[in-house]
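# Observations on chain architecture
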Amino acid sequence: MYIRRDYSQPFFRDRRRPTYLRWLLVLLFCAALGYGVYRFVRAPEEVMDSVYTTFISPPTPTPYPSTLAQRANELYLAGDLENAANFYQQAVAQRPDKVDYLYEYGQILIDLDRADEALDIADQIITVSPADVRGPTLKTRALAWIGQYTAAVPIGLAALQIDANFAPLHEALSRAYVGSQEWRKGLDYGFEATELAPGDVRARWAYANSLMAVGESELAMAELEIAISIHPGFVAPYFELAFLYLAANRDQDAIDTYDRILALQPRNARALLRQCEAYRKVGEFERALGLCQDAVDVDPTYAQAQYRLGQMRYNRREFSASRDAFRACLSLQSGSLECKYRLALSHYYIAQTDYLDCLNVGSASCNTARTNDDCRSAWLMLQESLAQAQTLDDVIDDVEIIREGLSAIANDPACPQFNGQRPPETTPEAEATPEATAES
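Computed from a prediction, not measured in an experiment: that's the story for all the values here.

### A word on the packing of aromatic side chains
Throughout the structure, instances matching the rule amount to 14 aromatic pairs. The interplanar angle of 70° and the centroid separation of 5.7 Å between the aromatic rings of Trp145 and Trp205 together place this pair among those described as edge-to-face. Note that Trp145 is positioned in helix 7 (residues 134-145) and Trp205 in helix 11 (residues 201-213), a separation of 60 residues in sequence. Taken together, a centroid distance of 4.9 Å and an interplanar angle of 50° make the contact between Tyr348 and Tyr349 tilted.

### Re helix 4 (residues 81-94)
The end-to-end C-alpha distance of helix 4 is 20 Å, a good match for the 20 Å that 14 residues give at a rise of 1.5 Å each. Among all positions of helix 4, only Leu81, Ala84, Ala85, Tyr88, Ala91 and Val92 are buried. Each buried residue of helix 4 lies within a common arc of 120° when the element is viewed along its axis, so the set occupies one face.

### Some words on the confidence of the model for the chain
Do not read the fine detail of predicted coordinates wherever pLDDT is low. The pLDDT averaged across the chain works out to 87; a share of 80% of its residues lies at or above 70. A low-confidence stretch, residues 51-58 (pLDDT under 50), is modelled with 6 contacts involving residues beyond four sequence positions or located in other chains. Segment residues 427-440: pLDDT under 50, and 20 contacts once partners within four positions in sequence are set aside and those in other chains are kept.

### Details of the state of the cysteines
Evaluation of the coordinates by the stated rule reveals 3 disulfides. The side chain of Cys276 participates in a disulfide bridge whose partner is Cys292; the two sulfur atoms lie 2.0 Å from each other. The sign of the S-S torsion, about -75°, decides the handedness of the disulfide formed by Cys276 and Cys292: left-handed. Pair noted here: Cys276 is in helix 15 (residues 269-281) and Cys292 is in helix 16 (residues 285-298), with a separation of 16 residues, a long-range link. Of the two residues, Cys276 and Cys292, neither departs from the other in class, the shared state being buried.

### Thoughts on the pattern of salt bridges
What the rule picks out here adds up to 23 salt bridges. Between Lys185 and Glu182 there is a salt bridge, and its shortest N-O distance comes to 3.4 Å. Classification of Glu182 by relative accessible area gives partly exposed; the value is 34%. A single salt-bridge network, built from bridges that share partners, covers Asp111, Arg141, Glu171 and Arg202.

About the thresholds
Residues numbered from 1 in each chain as written. Predicted model: local features only at pLDDT ≥ 70, side-chain atom pairs only at ≥ 80, totals over all residues. Heavy atoms only, no water. Phe/Tyr/Trp six-rings, centres within 6.5 Å; stacked < 30°, edge-to-face > 60°. Helix = DSSP H or I, 4+ residues; strand = E, 2+ residues; numbered from the N terminus. Expected span 1.5 Å × (residues − 1). Buried < 20%, exposed > 50% of the residue type's maximum accessible area, 1.4 Å probe, protein only. Arc of directions from axis to C-beta. pLDDT = per-residue confidence, 0-100. Contact = heavy atoms within 4.5 Å. Disulfide = S-S within 2.5 Å. Salt bridge = Lys/Arg side-chain N within 4 Å of Asp/Glu carboxyl O.

Right under this line is the structure:
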C-alpha cells in the first residue's frame, strides 16, 4: 500500500528547547559577565591574578611598595620596630627614590640604635631630593645620636632655610645642642618641636631629654608621660620615665613602667635587666636575681646583664656561677675593668672554698691542681686589672678592691705558691683614699 508523505513537515521532529530555558541561560550569562566586569573595575589586580593563576601559572607574590610601607607603619604603631624596619627596607628596595619610605625607614633605624645606617639613608634622600628638608633632618638626628654633635648642628641650622616649621628638625637640633651642652638652645628647640607638633612622640621625647639635662625632672616626667599617651607602643620613652621614677624614689612607679614594657615586649632584655635592678633596689633580691637570669637567657650577648648577674651571684657567694657570668661579660667586653677583676676574685674564692672543703673532708679528695689553677688565674688577672686601673680616672675604689684581693691571695694558705709575694705598688691617688671597700 502506498503512503503519501507530507513534505511540508520536517523529516525529524524539531527538538528545540522551551523558550523559558533559553531566557534563563541568557540571564545567567549576563549575570556572570556583569559580576566579572564589577570585579575587574573594583580590583583589577585580583582579577588578573585569578586569570593568571587559573589559566597560566601561579605568580610569584611581590607586594607593592605601598603595601609594604603600610604594613611597616602598622608594626611601628604596635611597637614592633624590628619588623617595621624590615618592611620599610623591602619598600625602599623597590622604590629607592621614594623619600617617604626612606625617611621613615631612617627614623626607625635611629630608634633601633642603628644610626650609622640611617646616615646612609639620609645621604640617599639628599641625593634623590636635595630640596627636601627630611634629608638633612634625618642626618642631623643621626649624627646627634652617635655623638657627633658639632657636625650635626650646622647641618640642622642650614636645613631651617628649607623649612623652618618642620618639627622633627627642631627635635633633632634639640638633641644636638643638648649633646653639645648648650642647654638653653636645646630647651628652646625642644619646646619649639612640641609647639609645632604636639602629637609627635619624638618631639615630646626630645624635649623631655633637654629638661632632664638641666635637672627639671618633674617637667621631664610630665613630657614623657605625654609621649607615652601619644604612642603607647613606642617603648623608648618608658625607659627614661622609669629611670626618673627610680631617681625620685618612686620605685613602684618604675617597676610598673617596666611591667608595661614587658607586656609589650616580653623578651626585651634591657627591660628585664632594668626590672632586675629596680627589684634589687627595693630589696627583693630573689625576684631581682630571676629577672637578671631572664635577661641573660633572652640575650646571652648582653654584657651589662652578664655583669649584673655575676655581681648578684657573687654577693650570694655563688662563685662558680659568678665566674661564668663575669667570664661571659669579659668575652663580650674585653676592656671591662670590673668584669676582669670580679672574675679574678671569683677564681680566688673558688680556690679558697675548695681548700676549706679539702680540710674538712681530708686530703684524699683534694684537687690541688684545680685549686692552684684558680689561684694563678686570680693572681694574674688582678695584676692585669691593677695595671689597667692605674691608667684610668675615677676608679680609686676599684684599685683598692684589686689590691685587697692581691693581698688576700698573698696571705692565704689556699694559694701557697703566692704566699709572701707583694702586690705591685698602687698609685698615689689610691693610697690617699680612705677606707675604700668592695661593693657588698
